[in-house]
Amino acid sequence: MKYRITLLLFFTALLSYSQTNQKIYDIIDAVSAERIKADITTLAGFGTRNTFSDTVSDTRGIGAARRWIKSEFETISNACNNCLDVFYQKDFVKAEGNERVPKDTWIVNVAAVQKGTKYPNRYIIMSGDIDSRNSDGSNFTKDAPGANDNASGMAGAIEAARVLSKYKFEASIVYLGLSGEEQGLFGGKGFAEWAKNEGWNIIGVLNNDMIGNIEGVDGVISNRDFRIFSEPVPPNETERERRMRRFYGGEVDGISRQLARYVHKTTQTYMPEMNPMMIYRLDRFGRGGHHRPFNDLGFAGIRIMEAHENYTQQHQDIRTENGIEYGDKLKFVNFDYAKKLTAVNAINMASLAWAPPAPKNVAIGGIVEPSAKFKWDKVDGAKGYKIYWRDTTSPTWDYSRYVGDVSEFTLEGIVIDNYFFGVAAVDEDGFESVVVFPSAVFR
């Protein structure tokens, strides 16, 4: 009888930390392709949003675009009883010393912050880019509608704000429009430095840059594939951390890579029709995005984007040559696909914002023993903890065990030499933190 009761309790605990949460499905269902279409149409309708374009007109240029974005965030905030703190953040960039900057310019970002109820200084950021460009990034008078690059990402951030502002979260969520991306990631650099100076604890940046195209220049058409770019380890890691990796591993287990795995897992759990592709690279080959300035300061950040790019429709003057239509036009955007990737962002931000903080000071032991041992510092809000492990050649956390409200545990029969390990905190509703790779060793 005692054995049966123990078994029943075991399976009850297992189910309570493996089931899905209806609120996440509700968030997916609430994302609207029609609203995203309307927002992309408005942004593309400003003619050009080049960083150096008109700032006075109400109908054309980046000034009109950022004022409209701010007004949309303010409208959303009014609907949720002023739940968003909406503001501009700006930095002055000079032409001198910047070959892609034709004139001195204010780089103006638009932010809407939904403060957390329990951990207001823990921030999850979804960003899109305000600016657009044509074939010449310094030409700020010629049309550059930028429907996909990157009105799609900006519209996704606005739509995520509409949906998530109807909920309360323990951590803070930031919906962010960044400028100056096409000339050198100026907006991201300025905001990342501002946030660091403000003492923000940024636990994740989801940079959305082109989330609306399904037909690639390679001929592939897919409305299910998307890419998650992440760097392997932080660029500001210490020499000691680099030396430890030589003996203990972790070459692909930095904080941004763990964030990528989190997005991959959440998407496969709640949106199994989608195919998230983890790309083990900071960004596309030799290129960059607005998550990089956050990475440079040691924050976890990834890029979410379409899997199949069409280069005839990005960074191009509007024209037709040899029967090929060039330019980033509204007609090339798939709004249902943009809806799906917006939902991917929304459910991952919600999951992170509802989850407890990640465990601190995770340490691993078990050298020359038949079992792997773990210790960690407990965190506020955790109902328990989950140990993850995977083959050293696997990109994802493939095995896990919920171990309850403890601060140390031994996985019997699991040899430390053959796997990589991590620990996540779990709350009473089953929401999990990002997995933490061990940073110390004990015997």
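In what follows, the structure referred to is the one given above.
From a predicted model like this one, the values you see are computed outputs, not experimental measurements.

Now for the overall build of the chain. Counting secondary structure elements, the chain contains 10 helices and 17 strands. Relative to its length of 443 residues, the chain is compact, with a C-alpha radius of gyration of 23 Å against a globular reference of 22 Å. Summarising its shape, the C-alpha atoms of the chain cover approximately 75 × 45 × 45 Å along the three principal directions. Looking at the chain as a whole, 57% of its 443 residues qualify as buried. For the chain, long-range pairs separated by at least 24 residues make up 74% of all intrachain contacts whose partners lie at least 6 apart in sequence.

Turning to the state of the cysteines, a few remarks are in order. In protein structure, a disulfide is the covalent linkage between the sulfur atoms of two cysteines. Considering all chains together, one arrives at 1 disulfide under this definition. Between the sulfur atoms of Cys80 and its disulfide partner Cys83 the distance amounts to 1.9 Å. For the disulfide bridge between Cys80 and Cys83, the dihedral angle about the S-S bond is near -80 degrees, and by the sign convention the bridge is left-handed.

On to the nonpolar core. Judged by nonpolar contacts, the single largest core of 73 residues is most densely connected at Ile27, Ile69, Phe73, Leu164, Tyr175 and Met349. In terms of residue count, helix α10 (residues 335–354) provides more of this core than any other element does, 13 residues in total. By size, the runner-up hydrophobic cluster in this structure holds 18 residues, among which are Phe374, Ile387, Trp389 and Ala425.

Ordered in space as β14-β13-β16, the 3 strands form an open sheet in which the pairing is antiparallel. The sheet is open, and its two edges are formed by β14 (399–404) and β16 (419–426), each paired on a single side. Averaged over all pairs of adjacent strands, the angle between their axes in this sheet comes to 20 degrees, without regard to strand direction. Summarising the sheet, strand β13 (residues 384–391) and β16 pair through 8 bridges and their orientation is antiparallel. Along β16, the bridge assignment pairs Asp391 with Tyr419.

Turning to helix α4 (residues 62–79), a few remarks are in order. Helix length check: α4 (18 residues) gives 26 Å between terminal C-alpha atoms against 26 Å at 1.5 Å per residue, within 8%. Within the span of α4, buried status applies to Ile62, Gly63, Ala64, Ala65, Arg66, Trp68, Ile69, Lys70, Glu72, Phe73, Ile76 and Ser77. Looking at the packing, one finds that the buried side of α4 touches α3 (33–44), β1 (84–93), β2 (105–114), α5 (147–164) and β4 (171–178). One or two residues past the end of α4 sits Asn81, with phi positive at roughly 60 degrees.

Turning next to the packing of aromatic side chains. Taken as a whole and assessed by the stated rule, the structure comprises 18 aromatic pairs. Where Phe87 meets Trp194, the ring centres are 5.5 Å apart and the plane angle is 45 degrees; that geometry is what we call tilted. Taken together, the positions of Phe87 in strand β1 and Trp194 in helix α6 (residues 186–197) put the pair 107 residues apart, joining distant regions of the chain. Ring plane angle 70 degrees and centroid distance 5.7 Å describe the contact between Phe191 and Trp200, whose orientation is recorded as edge-to-face. The pair formed by Phe191 and Trp200 is uniform in burial state, with each residue classed as buried. By way of ring pairs, the aromatic residues Phe87, Tyr123, Phe191, Trp194 and Trp200 are connected into one cluster. A cation over an aromatic ring shows up here: Lys90 above the ring of Trp106, its NZ or CZ 4.7 Å from the ring centre. Across from the ring centre of Trp397, 4.5 Å away, lies the NZ or CZ of Arg390, which sits over that ring.

Let's shift gears to the side chain of Glu309. Of note, Glu309 is situated in the loop between β8 (301–306) and β9 (319–321). For Glu309, a relative accessible area of 5% puts it in the buried group. Within the structure, the side chain of Glu309 is placed 2.8 Å from the side chain of Arg227, a separation counted as a polar contact. Polar side-chain contacts of Glu309 include one of 2.8 Å to the side chain of Arg284. Other than its neighbours up to four places away in sequence, Glu309 contacts Met210, Asn213, Gly216, Val217, Arg227, Arg284, Arg287 and Gln314.

With that settled, consider the sheet that holds strand β5 (residues 201–208). Reading across from one edge, β1-β2-β4-β3-β5-β8-β6-β7 is the order of the 8 strands in this open sheet, with mixed pairing throughout. Edge positions in the sheet fall to β1 and β7 (275–279), since each of these pairs with one other strand and no more. Between one strand and the next, the sheet's axes are offset by a mean angle of 25 degrees, whatever the strand orientation. With 10 bridges joining them, β1 and β2 adopt antiparallel strand pairing. In the sheet register, Lys90 faces β2, and the bridge partner there is Val108. Strands in contact with α4 are β1, β2 and β4; relative to β1, the strand with the most contacts, it is inclined by about 160 degrees. Of the strands in this sheet, β1, β2, β3 (119–129), β4 and β5 touch α6, which is tilted by about 115 degrees from β1.

We now examine the pattern of salt bridges. The final tally for this structure, using the stated rule, is 27 salt bridges. Two residues, Arg162 and Glu159, come together in a salt bridge whose shortest N-O distance is 2.9 Å. Of this pair, Arg162 and Glu159 both sit in helix α5, 3 residues apart, which is roughly one turn of that helix. Between Glu237 and Arg245 there is a salt bridge, with the nearest N and O atoms lying 2.6 Å from each other. Per residue, the accessibility class of Glu237 equals that of Arg245, and both read buried. Among the charged side chains, a salt-bridge network with shared partners connects Asp209, Arg227, Asp283, Arg284, Arg303 and Glu309.

Conventions we followed
- Numbering of residues starts from 1 in each chain and follows the order in which that chain's sequence is written.
- Per-residue local features are limited, in this predicted model, to residues with pLDDT of at least 70; the limit for side-chain atom pairs, both in listing and counting, is 80 or more; totals at the level of whole chains, interfaces and linings are taken over all residues.
- Computation of side-chain values covers all heavy atoms of the structure but excludes hydrogens and water.
- Secondary structure follows DSSP: runs of H or I at least 4 residues long count as helices, runs of E at least 2 residues long count as strands, and numbering of each begins at the N terminus.
- Both definitions apply: the radius of gyration is a C-alpha atom measure, and the globule rule equals 2.2 Å times residues to the power 0.38.
- Think of it in three bands: with a 1.4 Å probe and only protein chains considered, a residue is buried below 20% of the maximum accessible area for its type, exposed above 50%, and partly exposed in between.
- When checking whether two residues touch, look at their non-hydrogen atoms; a contact exists if any pair is within 4.5 Å.
- Only a pair of cysteine sulfur atoms within 2.5 Å counts as a disulfide in this structure description.
- Joining through side-chain atoms within 4.5 Å is the link that ties buried Ala, Val, Leu, Ile, Met, Phe, Trp, Tyr and Cys residues into a set, and such a set is a nonpolar core.
- If DSSP finds at least two bridges between two strands, the strands pair.
- To get an axis, fit a line to the C-alpha atoms, keeping to the stretch in contact for a helix; angles then go from 0 to 180 degrees between the N-to-C directions.
- The span you would expect from a helix comes to 1.5 Å times its residue count less one.
- What counts as a ring pair is set by centres within 6.5 Å for rings of Phe, Tyr and Trp (its six-membered ring), and what kind of pair is set by the plane angle: stacked under 30 degrees, edge-to-face over 60, tilted for all other angles.
- Only when the NZ of Lys or the CZ of Arg is both within 6 Å of the ring centre and within 35 degrees of the ring normal is a charge said to sit over the ring.
- Residues adjacent in sequence count toward polar contacts only when both atoms are side-chain atoms; beyond that, a polar contact is any pair of N or O atoms within 3.5 Å, and within protein one must be able to donate a hydrogen and the other to accept it.
- We define a salt bridge as a side-chain nitrogen of Lys or Arg found within 4 Å of a carboxyl oxygen belonging to Asp or Glu.

Everything listed is a geometric property; what it means functionally is a separate question.
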